[in-house]
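These are the residues of each chain, in order.
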Amino acid sequence: MLTLAGVLGFPVEHSLSPAMHNAAFRELGLEWRYVKLPVPPERFEETARSLPGSGYRGANVTIPHKVAALRIADEPSEAARAIGAANTLTFADGAIAADNTDAGGLLSALEAEHVEPVGMRALVLGAGGAARAAAWTLREAGAADVSVWNRTPQRAEELARDLGIGHAGRPAPCELLVNATSVGLRREEGALEELHLADLDPPSVVVDLVYSREGPTPVQAWGERAGATVVDGLEVLVRQGGLSLRAWTGREAPLDVMREAALGLAA
Ligand code: NAP
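Residues numbered from 1 in each chain as written. Predicted model: local features only at pLDDT ≥ 70, side-chain atom pairs only at ≥ 80, totals over all residues. Heavy atoms only, no water.

Novice: Could you give an account of the site of the ligand, with specific residues and numbers?
Specialist: Inspection of the region around the ligand gives 22 residues, with Asn150, Arg151, Thr152, Arg155 and Glu194 positioned closest. Between Gly129 and the ligand, the recorded distance is 3.1 Å, taken from a backbone N or O atom to an oxygen atom. Within the side chain of Asn150, one N or O atom sits 2.7 Å away from an oxygen atom of the ligand. Relative to its free-state accessible area of 930 Å², the ligand is covered by the protein chains to the extent of 80%. Of all the secondary-structure elements, those providing two or more residues to the shell around the ligand are helix H6 (129-140) and helix H10 (233-249). Sort the elements by how many residues they give to the shell around the ligand and H10 lands first, with three residues. (Near = heavy atom within 4 Å. Polar contact = N/O pair within 3.5 Å; in protein donor to acceptor, adjacent residues only side chain to side chain. Areas by Shrake-Rupley, 256 points an atom, 1.4 Å probe, with all protein chains shown as cover. Helix = DSSP H or I, 4+ residues; strand = E, 2+ residues; numbered from the N terminus.)

Pasting the structure below:
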């Protein structure tokens, strides 16, 4: 029988997850299908709860449902609880387990570049869900000092207070920088100025969670020009997807196949 997984969001038209996961299922010889599930906020809970009865083993959750996904979970992971949001639901034995694989995905992408955050001074730009996951992950991974900067300072202060980390009045020199804002998605002119990076030397490690199939974003290009180790958002996306797939299927994710599919290169 066909087993299902999907992505709950609003909107989800542009999600790369179906291409990535369906390619992985084919590669693993699994009779699974991954579908887009556009659901408005007022229908999220009833839809999510109905999925197991309709043949779903799991779901990814994206904007704007990540906080609600944690709320409906019977078994939240430590990461999901600490971050306050979940991006992966797993349905088994009548219970809903929730995890936040954005955290593990970031760590795995850093490891792939041989970056070990222990002892590093890290700066996270942004104060939304992605920033919260990144800041928590880096703190847990042993970064010596994690600060957060955000355009709206009150949100940075709130995040810093919640996680017991610092907040910066302006981006300052560090060793590892994560762009967890949405700036740079459309390669807009002035992206570096908006993030106050134009006059700053890039640190040795630059992560841009913004992802695109069209080549380097402004923040990636900024890091690359200075010879930094650059981790791009597509790699983090592929690895968070791989962790979700493992939670649902118990199989190791074929990351190369998922990466090709995410890049639109799959046959
Ligand atoms: P979000 O909750 O909407 O947060 C957006 C953040 O961007 C806020 O901190 C906002 O600041 C900031 N921002 C927006 N426009 C700005 C501007 N012009 N100048 C300075 N700051 C600006 O979004 P999110 O869910 O955290 O996601 C953030 C980004 O990460 C998105 O591009 C998303 O696609 C990406 N992401 C990637 C992955 C991955 O796997 N690669 C996973 C999750 C998210 P204010 O508070 O001042 O509005």
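Novice: An account of the packing of aromatic side chains is needed here, citing residue identities and associated values.
Specialist: By the definition in use, this model includes two aromatic pairs. Judged by centre distance (5.2 Å) and plane angle (45 degrees), the ring pair of Phe25 and Trp32 falls under tilted. Across this residue pair, the class does not change: Phe25 and Trp32 are buried. Geometrically, the ring pair formed by Tyr34 and Trp248 is tilted, given 6.1 Å between the ring centres and 35 degrees between the ring planes. Residue Tyr34 is located in strand S2 (residues 32-38), and its partner Trp248 is located in helix H10; the two are separated by 214 residues in the primary sequence. (Phe/Tyr/Trp six-rings, centres within 6.5 Å; stacked < 30°, edge-to-face > 60°. Buried < 20%, exposed > 50% of the residue type's maximum accessible area, 1.4 Å probe, protein only.)

Novice: Go over the nonpolar core with me, naming the residues and quoting the values.
Specialist: Counting 34 residues, the largest nonpolar core has Val124, Leu138, Leu176, Val178 and Val207 as its most contacted members. Sorting the residues of this core by element identifies helix H4 (78-83), helix H5 (101-112), strand S7 (121-125), H6, strand S8 (145-149), helix H7 (153-163), strand S10 (176-179) and strand S11 (205-208) as the ones contributing at least two each. Here the element with the most residues in this core is H6; it accounts for six residues. Formed by 21 residues, the second largest nonpolar core is a distinct cluster that contains Leu37, Ile72, Ala73 and Ala86. (Core = buried A, V, L, I, M, F, W, Y, C linked by side-chain atoms within 4.5 Å.)

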